[in-house]
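Now for the letters of each chain:
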Amino acid sequence: MAIDIDNLEKLAQAASRGPWKVRGMGEDFFVEAPGSPDMPYRLDVCGDDYTGHGDDEQRRHNFEWIAAADPSAILELIERLRAAEGCHAQ
């Protein structure tokens, strides 16, 4: 699978920078992204869990993954990737 780094960078630059955080407990998890000071954005994952691990712990892991991959993290990875590729380009 080819990754369109330029498009990924464009999307990350347009999104709320972060840090994104997991909130909730039990079955009520969501990812909170910075929005206006009095109203953060709440992101939820919908659909069936086809991993076979549809319990609360797995849902929490999924939400933690989404929060960890916030735009700031993606932009940092892109920067490091471009630097590494520049060092090896001949």
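Please refer to the structure higher up on the page.
Residues numbered from 1 in each chain as written. Predicted model: local features only at pLDDT ≥ 70, side-chain atom pairs only at ≥ 80, totals over all residues. Heavy atoms only, no water.

This next bit is on the pattern of salt bridges. Under the defined criterion, the tally for this structure stands at 5 salt bridges. A salt bridge links aspartate 6 to arginine 82; the shortest N-O distance between them is 2.6 Å. Of the two residues, aspartate 6 is situated in helix H1 (residues 5–14) and arginine 82 in helix H3 (residues 71–88); the sequence distance between them amounts to 76 residues. The class for aspartate 6 is exposed, based on a relative accessible area of 54%. A salt bridge links glutamate 64 to arginine 60, with the shortest nitrogen-to-oxygen separation between them at 3.0 Å. Of the two residues, glutamate 64 and arginine 60 both sit in helix H2 (residues 56–68), 4 residues apart, roughly one turn of that helix. The partly exposed category is assigned to glutamate 64, whose relative accessible area is 34%. Overlapping salt bridges, with partners in common, bring together Asp6, Glu9 and Arg82 in one network. (Salt bridge = Lys/Arg side-chain N within 4 Å of Asp/Glu carboxyl O. Helix = DSSP H or I, 4+ residues; strand = E, 2+ residues; numbered from the N terminus. Buried < 20%, exposed > 50% of the residue type's maximum accessible area, 1.4 Å probe, protein only.)

Moving on to a negative patch on the surface. There is a patch of like negative charges on the surface, built from Asp28, Asp44, Asp55, Asp56 and Glu57. Mapped onto the elements, aspartate 55 comes out in the loop between strand S3 (39–43) and H2. Given the relative accessible area of 41%, aspartate 55 is considered partly exposed. (Patch = residues over 30% accessible without salt bridge, like charges linked within 9 Å, V, L, I, M, F, W, Y side chains within 5 Å. Areas by Shrake-Rupley, 256 points an atom, 1.4 Å probe, with all protein chains shown as cover. Lys, Arg positive; Asp, Glu negative; His and termini not counted. Charge placed at Lys NZ, Arg CZ, Asp CG, Glu CD.)

So, about the nonpolar core. In terms of nonpolar packing, the biggest core is built from 7 residues, these being Trp20, Val22, Phe29, Val31, Ala33, Phe63 and Ala67. Here the element with the most residues in this core is strand S2 (residues 28–36); it accounts for 3 residues. Discounting chain neighbours no more than four positions away, the residues touching phenylalanine 29 are Val22, Arg23, Gly24, Asp44, Asp56, Arg59, Arg60 and Phe63. (Core = buried A, V, L, I, M, F, W, Y, C linked by side-chain atoms within 4.5 Å. Contact = heavy atoms within 4.5 Å.)

Right, let's talk about the side chain of glutamate 32 for a bit. Along the chain, glutamate 32 turns up in strand S2. For glutamate 32, the side chain forms a polar contact with the side chain of arginine 23, separated by 3.4 Å. With residues up to four places along the chain from it excluded, the contact list for glutamate 32 reads Pro19, Trp20, Lys21, Arg23, Pro40, Tyr41 and Arg42. (Polar contact = N/O pair within 3.5 Å; in protein donor to acceptor, adjacent residues only side chain to side chain.)

Our next topic: the side chain of aspartate 70. Structurally, aspartate 70 is set in the loop between H2 and H3. For the buried aspartate 70, which has no salt bridge, the nearest side chain bearing the opposite charge is arginine 17, at an N-O separation of 8.3 Å. Here the side chain of aspartate 70 touches tryptophan 20 through a polar contact of 3.4 Å, landing on its backbone nitrogen. What aspartate 70 contacts, discounting residues up to four positions off in sequence, is Arg17, Gly18, Pro19 and Trp20.

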